[in-house]
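Below, each chain spelled out in residue letters.
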Amino acid sequence: MRIGVLTGGGDCPGLNAVIRAVVRKGVQDHDHDFIGFKDGWRGPLQGAVTELGIPAVRGILPRGGTILGSSRTNPLKEPDGVRRIKESLAKHEVDALIAIGGEDTLGVARRLHDDHGIRCVGVPKTIDNDLSATDYTFGFDTAVNIATEAIDRLHTTAESHMRVLVVEVMGRHAGWIALHSGLAGGANVILVPEQRFDVDEVCGWVTSRFGASYAPIVVVAEGAMPQDGDLVLKNASHRDSFGHVRLSGVGEWLAEEIERRTGKEARTTVLGHVQRGGTPSAFDRWLATRFGLHALAAVDGGHFGTMVALRGTDIVRVPLAEATARLKTVPAALYEEAKVFFG
Ligand code: F6P
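Numbering of residues begins from 1 in every chain and follows the order in which that chain's sequence is written. Where local features are concerned, this predicted model is filtered to residues with pLDDT of at least 70; where side-chain atom pairs are given and counted, the filter is 80 or more; whole-chain, interface and lining totals use all residues. Side-chain measures were taken over the full set of non-hydrogen atoms in the model, leaving aside hydrogen atoms and water.

**Considering the side chain of Thr-306**
Here is step 1: A run of H or I in DSSP becomes a helix once it reaches four residues, and a run of E becomes a strand once it reaches two; helices and strands are each numbered from the N terminus. Here Thr-306 is to be found in strand E10 (residues 306–311).
Here is step 2: For each residue, the accessible area found with a 1.4 Å probe, counting protein chains only, is set against the maximum for its type, and the residue is called buried under 20%, exposed over 50%, and partly exposed in between. For Thr-306, a relative accessible area of 13% corresponds to the buried category.
Here is step 3: Polar contact is defined as a pair of N or O atoms within 3.5 Å, subject to the rule that within protein one atom must be able to donate a hydrogen and the other to accept it, and that residues adjacent in sequence are counted only when both atoms are side-chain atoms. Polar contacts involving the side chain of Thr-306 include one to the main-chain carbonyl oxygen of His-303, which spans 2.7 Å.
Here is step 4: Note on definitions: a residue-residue contact is assigned when non-hydrogen atoms from the two residues lie within 4.5 Å. Sequence-distant contacts of Thr-306, that is, excluding residues within four places in its chain, are made with Cys-120, Val-121, Gly-122, Ala-298, Arg-317, Val-318, Pro-319 and Leu-320.

Structure representation (structure tokens):
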């Protein structure tokens, strides 16, 4: 068999571990051939390919990013996109495709499989951990560890100056990174996209923290919104080809509001792409490797139109349709649980 592999969407620590596992198992156990498509769906769309054999995957397990490159190209929006992909797959004699990505990349894989008969298997990736069909996506654990370390460091500088430090973390629709890193780092306020926040209430928590002679840390997900407003964006004009606006801005805005309403100095740290750059955590390497092994097994067994997923400690297969149907967001009860530490 000749198998194509691509990585789409935002890069994520662990992508290389998936690629390595797929290729190692495919070559060693089944004598399959591999071809890498460059930059997500742009690769099959434009015929951009790269060699993918054992030598190409040596030494990549601990490396962040993706050796295949990534993009947010949506081939279904391109003229003749499906025909061009089919031609590319035929030209390179590709029997099946492993697509590693989040809701957008996997949504395309589902359409290509369900509507156009292209043999696809999906692997879920996103640091946001917001895919409902899997307990965890790789990349999330690394992002939480990076954000937690940042919060730990910000505590000491906040307290030295007795100022408010607002930490903006990633999380477009789901506040998992904010919730987990905020709890692990002992934040005094955690704001997530799922629950609109009241700025006066936030200021109340900030003030009570100062009352206890500590400086407050406010963790805010970039997709969090104030009660009486919309997304706060620094750059509202930029949209990717899946229609997503470029987030970031709420941290800066919130710090200004806190300073204006409480009279306390407030600064912002935007963690941005630091959260998904660099080496993956041990957990993410483990999960990504197992996803890769099971994705290869799914291709080998002819289970197309499926995605691998983590359920407890088992890797299972779910239909791509189910995998991309619903986002996994932070339940209200879980968020309420964290509130005991606010203020
Ligand atoms: O989709 C995952 C994610 O990490 C979001 O939390 C974030 O909004 C987005 O990627 C940013 O990605 P980029 O800067 O590459 O557009």
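**Here's the deal with the pairing of strand E1 (residues 2–7)**
Here is step 1: In terms of burial, E1 is a largely internal element, five of the six residues being buried.
Here is step 2: Handedness of a crossover: with both strands directed away from the viewer, a clockwise path from the first strand across the helix to the second marks it as right-handed. A crossover links E1 with its parallel partner strand E2 (residues 33–37), the connecting element being helix H1 (residues 15–30), and its sense is right-handed.
Here is step 3: Strand pairing follows a simple DSSP-based rule, namely that at least 2 bridges must link the two strands. As paired elements, E1 and strand E4 (residues 96–101) share five bridges and run parallel to each other. Bridge pairing links Val-5 to Ile-98 in E4.

**Description of empty space enclosed by the protein**
Here is step 1: Any residue with an atom within 4 Å of a point lines the site, the site being either a cavity, points on a 1 Å grid over the protein atoms alone where a 1.4 Å probe fits but cannot get out, or a pocket, an open set with protein on both sides within 12 Å along at least 5 of 7 lines. Grid points are joined across faces, edges and corners, and a volume is the space filled by probe spheres set on the points. If you walk through the whole model with that rule in mind, you get one cavity of 30 Å³ or more.
Here is step 2: Empty space within the largest cavity amounts to approximately 50 Å³.
Here is step 3: In this structure, the largest cavity is lined by Gly-8, Gly-9, Gly-40, Trp-41, Ser-71, Arg-72, Thr-73, Asp-104, Thr-105, Asp-240 and Phe-242.
Here is step 4: Residue classes in the lining of the largest cavity are distributed as two nonpolar, six polar and three charged. Three residue categories are used. Nonpolar comprises Ala, Val, Leu, Ile, Met, Phe, Trp, Tyr, Cys and Pro, charged comprises Asp, Glu, Lys and Arg, and polar comprises the others, including Gly.

**Brief notes about the sheet that holds strand E7 (residues 189–191)**
Here is step 1: Pairing within the open sheet is parallel, and its four strands lie in the order E7-E8-E6-E9. Edge strands, defined here as strands with exactly one partner in the open sheet, are E7 and strand E9 (266–270). Neighbour-to-neighbour, the strand axes of the sheet open up by a mean angle of 20°, direction not taken into account.
Here is step 2: In the sheet, E7 pairs with strand E8 (residues 217–221) via three bridges, with the strands oriented parallel. Residue pairing in the sheet places Leu-191 in a bridge with Val-220 of E8.
Here is step 3: In this analysis, axes come from line fits to C-alpha atoms, helices being fitted only over the stretch in contact, and the angle between any two N-to-C directions falls in the range 0 to 180 degrees. Running at roughly 160° to E7, helix H8 (residues 199–211) makes contact with strand E6 (164–169), E7 and E8 of the sheet.

**Some thoughts on the pattern of salt bridges**
Here is step 1: By convention in these notes, a salt bridge is any Lys or Arg side-chain nitrogen within 4 Å of a carboxyl oxygen on Asp or Glu. Counted under the stated rule, the structure contains 16 salt bridges.
Here is step 2: The closest approach of N and O atoms between Arg-110 and Asp-114, which form a salt bridge, is 4.0 Å. With Arg-110 and Asp-114 both in helix H5 (residues 103–116), this residue pair falls four residues apart, about one helical turn.
Here is step 3: Arg-267 serves as the salt-bridge partner of Glu-265, at 2.9 Å between the closest nitrogen and oxygen.
Here is step 4: Among the ionic contacts, a cluster of salt bridges with common partners joins Asp-200, Glu-257, Arg-260 and Arg-261.

**Structural notes on the domain arrangement of the protein chain**
Here is step 1: Domain limits in this description derive from either an automatic procedure or a database domain assignment. You can read the domains of the protein chain as domain 1 (2–138 + 280–323) and domain 2 (142–277).
Here is step 2: If you average the C-alpha positions of domain 1 and of domain 2, the two centres end up 32 Å apart.
Here is step 3: The term buried area means the drop in 1.4 Å probe accessible area that two parts suffer when joined, counted for both and summed. Here domain 1 and domain 2 share an interface that buries about 1500 Å² over both sides, 53% of which is from carbon and sulfur atoms.
Here is step 4: Counting across the interface, domain 1 meets domain 2 through two salt bridges.
Here is step 5: Among the salt bridges present, the one from Arg-72 reaches Asp-240, with a minimum N-O distance of 3.9 Å.
Here is step 6: Applying the counting rule to domain 1 against domain 2 returns four residue pairs in polar contact (both at pLDDT 80 or more).
Here is step 7: Per-element tally for the side of domain 1 that touches domain 2: the top contributor is H5, with three residues.
Here is step 8: Within the side of domain 1 that touches domain 2, the residues separate by chemical class into five nonpolar, five polar and eight charged.

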